[in-house]
Amino acid sequence: PSEQRRIVELLDQAGDLRRKRAEADAKVGRVLPALFLKMFGDPATNPRGFAVMPLGHPLVGILDRGRSGHRPRNDAALLGGAHPLIQTGDVARGDGRIRSYTQTYSDLGLAQSRMWPAGTLCITIAANIAETGVLEFDACFPDSVVGFIPGESTTTEYVQFYLRFLQPVLEKSAPKAAQKNINLEILRQLPLPVPPRDRQERFSRCVQQYYDTRRRQILVRER
């Protein structure tokens, strides 16, 4: 009986620790949105009066759909090779960074697609609307995902968190056919407040520090 009580106590302690970790993770997850608002204000109202450009402006960056020209898209000849393939679910399941993938393209799959470089911001436009994640490796993705590479006026992290604030609005406004979707032109016309580049870069460094810390925490927990 005493051994059973000890086991129950240990399980209770483990459960309490998991709850505390979950609470800490939730608090940390609110830090970056709060920092964004402090540094830039609400992007919907632009209270700092930053200049505004459409998200598709060349100075803002490259914004284009992924490519999946072959039909049917699930043709076995396209799949199972060495080239990472990111899909909407991979973006939605991430925590803002895309570190893993569940499918790959063959050389034939790559030939009818496009390889995007690590650092590309992936934005979903079907099923999961305006979910975002930054690639941590080179990868392909289909036309249900849009890729963004920043131009001289923006940083990836600033645009990502701008889209996070707008995500509920975009989700609500998406027309629903077989599944919800928005088109590339809607994204390209979104009005983006453009703060000074050095301020965006300070924010980007904070985001990177956050993810570096998260990565170390995960490694410690997995030991």
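1. Things to note about the packing of aromatic side chains
Aromatic rings in a pair are described by how distant their centres are and how their planes are angled relative to each other.
Alright, step 1. Throughout the structure, instances matching the rule amount to ten aromatic pairs.
Alright, step 2. Members of the aromatic cluster, each reached through a chain of ring pairs, are Phe36, Phe40, Tyr158, Phe161, Phe165 and Phe203.
Alright, step 3. If you follow Arg114 out to its NZ or CZ, it ends over the ring of Trp116, 3.7 Å from the centre.

2. Here we look at the nonpolar core
Alright, step 1. Residues Leu55 and Leu187 are the most contacted members of the largest nonpolar core, which totals 34 residues.
Alright, step 2. Per-element accounting of this core gives the leading share, seven residues, to helix α5 (residues 156-173).
Alright, step 3. Core analysis: the next-biggest nonpolar cluster, separate from the first, contains ten residues, Val91, Phe137, Ala139 and Phe141 among them.

3. Thoughts on the pattern of salt bridges
Alright, step 1. Evaluated as defined, the whole model comprises ten salt bridges.
Alright, step 2. Two residues, Arg188 and Asp64, come together in a salt bridge whose shortest N-O distance is 3.8 Å. Residue Arg188 is found in helix α6 (residues 184-188), and its partner Asp64 is found in strand β2 (residues 61-65); the two are separated by 124 residues along the sequence.
Alright, step 3. For Arg188, the salt bridge is made with Glu185, and the minimal N-O distance between the two is 3.2 Å. Here Arg188 pairs with Glu185, and both are found in helix α6, just three residues apart, close to one helical turn.
Alright, step 4. Arg188 gets classed as partly exposed once you look at its relative accessible area, which sits at 25%.
Alright, step 5. Note on Glu185: relative accessible area 43%, which makes it partly exposed.
Alright, step 6. Linked through salt bridges whose partners overlap, the residues forming this network are Asp64, Arg114, Glu185 and Arg188.

4. Here we look at the packing of helix α2 (residues 31-40) against α5
Alright, step 1. Interaxial distance between α2 and α5 falls to 11 Å at its minimum, and their mutual angle equals 100°. Between α2 and α5, the angle falls in the class roughly perpendicular. Every residue of α5 that contacts α2 at Leu32, Pro33, Phe36, Leu37 and Phe40 is listed here: Tyr158, Phe161, Tyr162 and Phe165.
Alright, step 2. Looking at the contact of α2 with α5 residue by residue, the classes come out as nine nonpolar, no polar and no charged.

Rules behind the numbers
- Residues numbered from 1 in each chain as written.
- Predicted model: local features only at pLDDT ≥ 70, side-chain atom pairs only at ≥ 80, totals over all residues.
- Heavy atoms only, no water.
- Phe/Tyr/Trp six-rings, centres within 6.5 Å; stacked < 30°, edge-to-face > 60°.
- Lys NZ or Arg CZ within 6 Å of the ring centre and 35° of its normal.
- Core = buried A, V, L, I, M, F, W, Y, C linked by side-chain atoms within 4.5 Å.
- Buried < 20%, exposed > 50% of the residue type's maximum accessible area, 1.4 Å probe, protein only.
- Helix = DSSP H or I, 4+ residues; strand = E, 2+ residues; numbered from the N terminus.
- Salt bridge = Lys/Arg side-chain N within 4 Å of Asp/Glu carboxyl O.
- Axes fitted to C-alpha atoms, helices over the stretch in contact; angles between N-to-C directions.
- Parallel < 35°, antiparallel > 145°, perpendicular 65-115°, else oblique.
- Contact = heavy atoms within 4.5 Å.
- Nonpolar A, V, L, I, M, F, W, Y, C, P; charged D, E, K, R; others polar.

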